[in-house]
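Secondary and tertiary structure notes
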Amino acid sequence: MTDKDHYAVFGSPIEHSKSPRIHQFFAEQTQQSLEYRAVLVPAEQFEVAVKEFFAKGGRGLNCTVPLKELAWMYANKKTERAELSKAVNTLALQDDGSILGDNTDGIGLVTDLKKNNAVQLKDKRILILGAGGASRGIVGPIQDELPESITIANRTVEKARNLVAEFAHKGPIVASAYEDLAGLSFDLIINATSASLTDDLPPLAANILKDQGCCYDLAYANKPTIFVRWAREQGALKSLDGLGMLVEQAAEAFYLWRGVRPASAELIQLLEAERIS
Ligand code: ATR
């Protein structure tokens, strides 16, 4: 390895990851000397690959699909938000040689909503669609913003109930079937299902979004996702996708590793411009 500090993102698939570009941008902006690579690591090779990475002097890793639960199990210590979310997207070598696991996805979403888009969460009624790993990663940091309530809707209601049971001690949160949402309305609807990836839309009742309400799809693509298009049709004040969250979760990981907080606005603008053109 060179004298630069080494970082990487592990995942499968990984070839389209924007993380190397994001972290190189942050490194130049904050004048940090580091290298960041994307490495194809299937689940069965995870443990060996992580051990080798840190043994060779690596300083920090991002872990993405399908490795976040494995990274959670691997970490010697975890932040409280990582502990609760049962998933780790950031591993950081500590001075004592141990590996700290964090999950910066939820705080990335909250920062993108509040700081970049002026969408407040305090005292709001929030609906989260989906009860898988993506939902688990965002619930805790959303609760920290003291919303009036969180409703988790899922096709398999049992999964939503299980998730709710794990987070109920932190604030008001309930589980629901999609059909039981009829007649309810929300200030913010967050799509944490994987439905956008197959161009599917969770079955949402009419009038479910309040006047001046906002929508956020954790997924992102070069074109508006099906959920973003639906949100526009509902007249949402903001119809956002997960590009800003991607940059903000990276900024938080960068801060954990380097102790320097990068500015994200310019990079988000750049990435937005690329997909419009
Ligand atoms: P992830 O880690 O991305 O959250 P996951 O754990 O497989 O992936 O969870 C996917 C989530 O998307 C689940 O909540 C799933 O609902 P079920 O638990 O009922 O399967 C949800 N999901 C996937 N496709 C969907 C669709 N077409 N409509 C509604 N929900 C969908």
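Residues numbered from 1 in each chain as written. Predicted model: local features only at pLDDT ≥ 70, side-chain atom pairs only at ≥ 80, totals over all residues. Heavy atoms only, no water.

Some points on the sheet that holds strand S9 (residues 173-176)
Across the sheet, which stays open at both edges, the six strands sit in the order S9-S8-S7-S10-S11-S12 with parallel pairing between neighbours. Among the strands making up the open sheet, the edge pair consists of S9 and strand S12 (238-241). Direction aside, the axes of adjacent strands within the sheet are offset by 20° on average. Here helix H6 (residues 133-143) sits on the sheet in contact with strand S7 (125-129), strand S8 (149-153), S9 and strand S10 (186-191), set at roughly 170° to S7. (Pairing = 2+ DSSP bridges. Helix = DSSP H or I, 4+ residues; strand = E, 2+ residues; numbered from the N terminus. Axes fitted to C-alpha atoms, helices over the stretch in contact; angles between N-to-C directions. Contact = heavy atoms within 4.5 Å.)

Some words on the layout of surface pockets
The calculated volume of the second largest pocket comes to roughly 380 Å³. Taken together, 20 residues form the lining of the second largest pocket, with Leu240, Asp241, Leu243, Glu272 and Arg275 sitting closest to its centre. Examining the composition of the lining of the second largest pocket, we find that six residues originate from one element, helix H10 (residues 265-276), more than from any other. (1 Å grid on protein atoms, 1.4 Å probe; cavity = no way out; pocket = protein on both sides within 12 Å on 5 of 7 lines; lining within 4 Å. Points joined across faces, edges and corners; volume = space filled by probe spheres on them.)

Considerations on the domain arrangement of the protein
Once the domains are mapped, the protein shows domain 1 (5-103) and domain 2 (106-243). At the interface, six residues of domain 1 touch 10 residues of domain 2. Counting the surface lost from both domain 1 and domain 2, the interface buries some 740 Å², and carbon and sulfur atoms represent 58% of this. Applying the counting criterion to the domain 1 and domain 2 interface returns one salt bridge. The salt bridge partner of Glu166 is Lys86, with a shortest N-O separation of 3.0 Å. At the junction of domain 1 and domain 2, the tally comes to one residue pair in polar contact (both at pLDDT 80 or more). (Domains from an automatic or database assignment. Buried area = accessible area lost by both parts, 1.4 Å probe. Salt bridge = Lys/Arg side-chain N within 4 Å of Asp/Glu carboxyl O. Polar contact = N/O pair within 3.5 Å; in protein donor to acceptor, adjacent residues only side chain to side chain.)

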